[in-house]
Amino acid sequence: MILKVLGCDGAYPQANGACSGYLLEQGEQRVILDCGTGVLERLLRAAPPQRWGALVLSHLHGDHMSDALVLRHVLQAQKAQGLLPAEHKMDLYLPASPAREHALLADEEYFSVHILTDGQQAQIGCLQFTFLRMNHPLEAYGMRIEHEGRILAYTGDTNVCDNLLPLAQGAHLLVADSGVLHKNWSAAAPHLSSLKCGELARDADVGQLLLTHGGPGCSPQARLQEAQAIFPCTAVAEAGMALQV
Ligand SMILES: [Zn+2]
Ligand SMILES: [Zn+2]
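Analysis parameters
- Counting from 1, residues in each chain are numbered in the order their sequence is written.
- Following the order in which they are written, the chains are lettered starting with A and the ligands numbered starting with 1.
- Local features are withheld for residues below a pLDDT of 70 in this predicted model, meaning they are given only at 70 or higher, and side-chain atom pairs are given and counted only at 80 or more; totals for whole chains, interfaces and linings count all residues.
- Each side-chain value is worked out from all heavy atoms of the structure, with water and hydrogens disregarded.
- Keep in mind that water is not among the atoms, so a site may look incomplete; donors are the N, O and S atoms within 2.8 Å of the metal, or 3.2 Å for Na, K and Ca.
- Think of it this way: with four donors and all angles in the 85 to 135 degree range, the site is tetrahedral; with four or six donors, opposite ones beyond 155 degrees and the rest between 65 and 115, it is square planar or octahedral; otherwise it is irregular.
- Per-residue accessibility, obtained with a 1.4 Å probe over protein chains only, is compared with the maximum for each type, and a residue is labelled buried under 20%, exposed over 50%, and partly exposed between these values.
- Each helix is a run of H or I in the DSSP string that is no shorter than four residues. Each strand is a run of E no shorter than two, and both are numbered from the N terminus.
- Residue contacts follow a heavy-atom distance rule, with two residues in contact if any of their heavy atoms lie within 4.5 Å.
- Any two strands between which DSSP finds at least two bridges are classified as paired.
- To obtain the arc, one takes the directions from the helix axis to the C-beta atoms.
- UniProt positions are given in the numbering used here, feature names are shortened, and annotations may be inferred rather than shown by experiment.
- Lines fitted to C-alpha atoms define the axes, with helix axes restricted to the stretch in contact, and inter-axis angles between N-to-C directions lie between 0 and 180 degrees.
- Our angle categories are set so that under 35 degrees counts as roughly parallel, over 145 as roughly antiparallel, 65 to 115 as roughly perpendicular, and the remainder as oblique.
- Amino acids outside the nonpolar list (Ala, Val, Leu, Ile, Met, Phe, Trp, Tyr, Cys, Pro) and the charged list (Asp, Glu, Lys, Arg) are all regarded as polar, and Gly is one of them.

- Taking an unreviewed UniProt entry as the reference, the chain is identified by name as MBL fold metallo-hydrolase belonging to Luoshenia tenuis.

Written out as structure tokens, the structure is:
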């Protein structure tokens, strides 16, 4: 598998940045993980709409799903131009709540809609997904993705919870929400700190840790330092990065 980082800014995009969005490639398969503000334009540059196999939304905060609202316009235009079959529906995996955001997104005209639940498994093309409920103010899911023994774990947005260790256990790459520095972290925060990501990577015995979802005013160097003190094989996500899993 190859994971391409389309965007990784937390909360809102920095100038010339984009919020959460990743393109997962395996052979001909293309799966989009989250589609926050600024991601769609980068997605169009990375892969044509004919290759978009499925869209998986970890949760329905705007920084993870806002560009999915516009993505259907791409599908609409592609159909109108005969570039996609009129009956084409893209697989969309998303939580059922909040109901208002879900209703905005789950347009059956363009999507085959799949509702996420805790412990759910899904075969998306050749990729085996397991979804686990995370600890976030909204219903949110982390995902563990396996292909021929290789494992990618993506936390989406979360703070510490019992499902994190099984999500990440033995993953070759762990992409983790380091939304805050540890001095600003508490058990009630919506995000992990970089230090907590390092602890998770160590405890789950992962191959590599990628810190993502950097919040405003949270320097990449400080985040890296915090996590690397505990788990040396750590990098900070940057848009444009591609990692072999
Ligand atoms: Zn977020
Ligand atoms: Zn969130």
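**So, the coordination of the zinc ion (ligand 2)**
- Within the protein, the zinc ion (ligand 2) binds to His59 (NE2), His61 (ND1), His136 (NE2) and Asp157 (OD); these donor distances fall in the range 2.1 to 2.4 Å.
- Classification of the site at the zinc ion (ligand 2) as irregular follows from its four donor atoms and the range of 91 to 167° in their angles at the metal.
- Summarised as a motif, the one-chain spacing of the donors to the zinc ion (ligand 2) is H-x1-H-x74-H-x20-D.
- In this structure, the zinc ion (ligand 2) lies 3.4 Å from the zinc ion (ligand 1), and both are coordinated by Asp157.
- What makes His59 buried here is its relative accessible area of 0%.
- The partly exposed category is assigned to His61, whose relative accessible area is 26%.

**Quick look at the environment of Ala122**
- Tracing the backbone shows Ala122 in strand E7 (residues 121–124).
- Through-space distance from the C-alpha of Ala122 to that of Tyr93 is 9.5 Å; in sequence the pair is 29 residues apart.
- The residues touching Ala122, leaving out its near neighbours within four places in the chain, are Tyr93, Leu127, Gln128, Phe129 and Phe131.

**A look at the coordination of the zinc ion (ligand 1)**
- Distances from the zinc ion (ligand 1) to its protein donors, namely Asp63 (OD), His64 (NE2), Asp157 (OD) and His213 (NE2), fall within the range 2.0 to 2.2 Å.
- Considering all four donor atoms around the zinc ion (ligand 1), angles at the metal cover 88 to 162° and the coordination shape is irregular.
- If you list the donors of the zinc ion (ligand 1) from N- to C-terminus, the spacing comes out as D-H-x92-D-x55-H.

**Some details on the pairing of strand E10 (residues 150–154)**
- Judged by how many residues are buried, E10 sits mostly within the fold: four of five residues are covered.
- Of the strand pairs in this sheet, strand E9 (residues 141–147) and E10 are connected by five bridges, and their pairing is antiparallel. In the sheet register, Met143 faces E10, and the bridge partner there is Tyr154.

**Section: helix H1 (residues 39–46)**
- Regarding H1, the residues found buried are Val39, Leu40, Arg42 and Leu43. Around the axis of H1, the buried residues are gathered within 160° of arc, so they sit on the same side.

**Concerning unusual backbone geometry**
- For the peptide bond that leads from Ser97 to Pro98, omega is -5°, which places it in the cis range.
- Tracing the sequence through the fold places Pro98 in the loop between strand E5 (90–94) and helix H3 (99–105).
- With a phi close to 70°, Ala11 is a non-glycine residue in the positive phi region.
- Note that Ala11 resides in the loop between strand E1 (2–7) and strand E2 (21–26).

**Focus: the UniProt feature "domain: Metallo-beta-lactamase" (unreviewed entry) in the chain**
- What UniProt calls "domain: Metallo-beta-lactamase" (unreviewed entry) maps, in this numbering, to residues 18–213.
- Regarding residues 18–213, the helix share stands at 25% and the strand share at 33%, and the terminal C-alpha atoms are separated by 10 Å.

**Brief notes about the packing of H1 against helix H2 (residues 62–80)**
- The contact between H1 and H2 brings their axes to 9 Å, and the two run at 45°. Taken together, H1 and H2 sit at an angle that is classed as oblique. Seen from H1, the contacting residues are Val39, Leu40, Leu43 and Leu44; seen from H2, they are Asp67, Val70, Leu71 and Val74.
- Split into classes, the residues belonging to the contact of H1 with H2 amount to seven nonpolar, no polar and one charged.

**Considerations on the sheet that holds strand E4 (residues 54–56)**
- Spatial ordering of the open sheet is given by E6-E5-E4-E3-E2-E1-E15, a layout of seven strands whose pairing is mixed. Of all the strands in the sheet, just strand E6 (111–115) and strand E15 (242–244) have a single pairing partner and so form its edges. Each neighbouring strand pair of the sheet contributes to a mean axis angle of 20°, computed without reference to strand direction.
- Across three bridges, the pairing between E4 and E5 is parallel. Residue Val56 lies in a different strand from E5, and its bridge partner there is Tyr93.
- The sheet strands contacting H1 are E1, E2 and strand E3 (29–35), and the helix crosses E1 at an angle near 140°.
- Along the sheet, H2 makes contact with E3, E4, E5 and E6, crossing E3 at roughly 130°.

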